[in-house]
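One-letter residues, chain by chain:
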Amino acid sequence: MNTKDGDVFVSGASLRERAAALARYEAWDRAHRESLDPAGAIAAVASLYRLLPEPSRTRDDDPEFQGVRRMLDALALLGRSRG
């Protein structure tokens, strides 16, 4: 799926692929209903972070947080569509 330059869904096939991926995640999530306390959740994320190679941990891929801005803009559109 091409998500570069804001082209999230470029075809019906990519939209179906994304929907299928979300459905697989939902099925996995339902099968793994373990709840973590906040400290446990942070410890789990920290252990995953430590698995990343050092260059990946220090690279600043989005110094102006454009990805976050695009996500917030998309979420704002979703909020407006609900009335």
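Residues numbered from 1 in each chain as written. Predicted model: local features only at pLDDT ≥ 70, side-chain atom pairs only at ≥ 80, totals over all residues. Heavy atoms only, no water.

Draft legend 1. Highlighting the overall build of the chain. A count of helices and strands for the chain gives four helices and zero strands. Helices (α) and strands (β) of the chain occur, in sequence order from the N terminus, as α-α-α-α. Here the chain, with 83 residues, has 1% of them falling under the buried criterion. Put simply, the chain shows about 7500 Å² of open surface, and 59% of that area lies on carbon and sulfur atoms. (Helix = DSSP H or I, 4+ residues; strand = E, 2+ residues; numbered from the N terminus. Buried < 20%, exposed > 50% of the residue type's maximum accessible area, 1.4 Å probe, protein only. Areas by Shrake-Rupley, 256 points an atom, 1.4 Å probe, with all protein chains shown as cover.)

Draft legend 2. Local environment of helix α2 (residues 38-51). Taking 1.5 Å per residue as the helical rise, α2 with its 14 residues ought to reach 20 Å, and the 20 Å between its terminal C-alpha atoms agrees with that figure. At the N-terminal boundary of α2, the capping side chain belongs to Asp 37, with an oxygen 3.2 Å from the backbone nitrogen of Ala 39. (Expected span 1.5 Å × (residues − 1). Polar contact = N/O pair within 3.5 Å; in protein donor to acceptor, adjacent residues only side chain to side chain.)

Draft legend 3. Local environment of unusual backbone geometry. Non-glycine residue Phe 65 carries a positive phi angle of around 55 degrees. Positionally, Phe 65 belongs in the loop between α3 (54-58) and α4 (66-81).

Draft legend 4. Representation of a nonpolar patch on the surface within the structure. There is a patch of nonpolar side chains on the surface, built from Phe 65, Val 68, Met 71, Leu 72, Leu 75 and Leu 78 and spanning about 590 Å² of accessible area. Note on placement: Leu 75 falls in helix α4. (Patch = residues over 30% accessible without salt bridge, like charges linked within 9 Å, V, L, I, M, F, W, Y side chains within 5 Å. Salt bridge = Lys/Arg side-chain N within 4 Å of Asp/Glu carboxyl O.)

Draft legend 5. Layout of the pattern of salt bridges. Applying the stated rule across the entire model yields two salt bridges. Note that Arg 30 and Glu 26 form a salt bridge whose closest N and O atoms lie 3.3 Å from each other. Pair noted here: Arg 30 and Glu 26 are both in helix α1 (residues 12-31), with a separation of four residues, about one helical turn. The partly exposed category is assigned to Glu 26, whose relative accessible area is 45%. Of the charged contacts in the structure, one is a salt bridge between Glu 54 and Arg 57, with a shortest N-O distance of 3.8 Å. In this pair, Glu 54 and Arg 57 are both assigned in helix α3, three residues apart and thus about one turn of the helix distant. According to the relative accessible area criterion, Glu 54 is partly exposed, its value standing at 45%.

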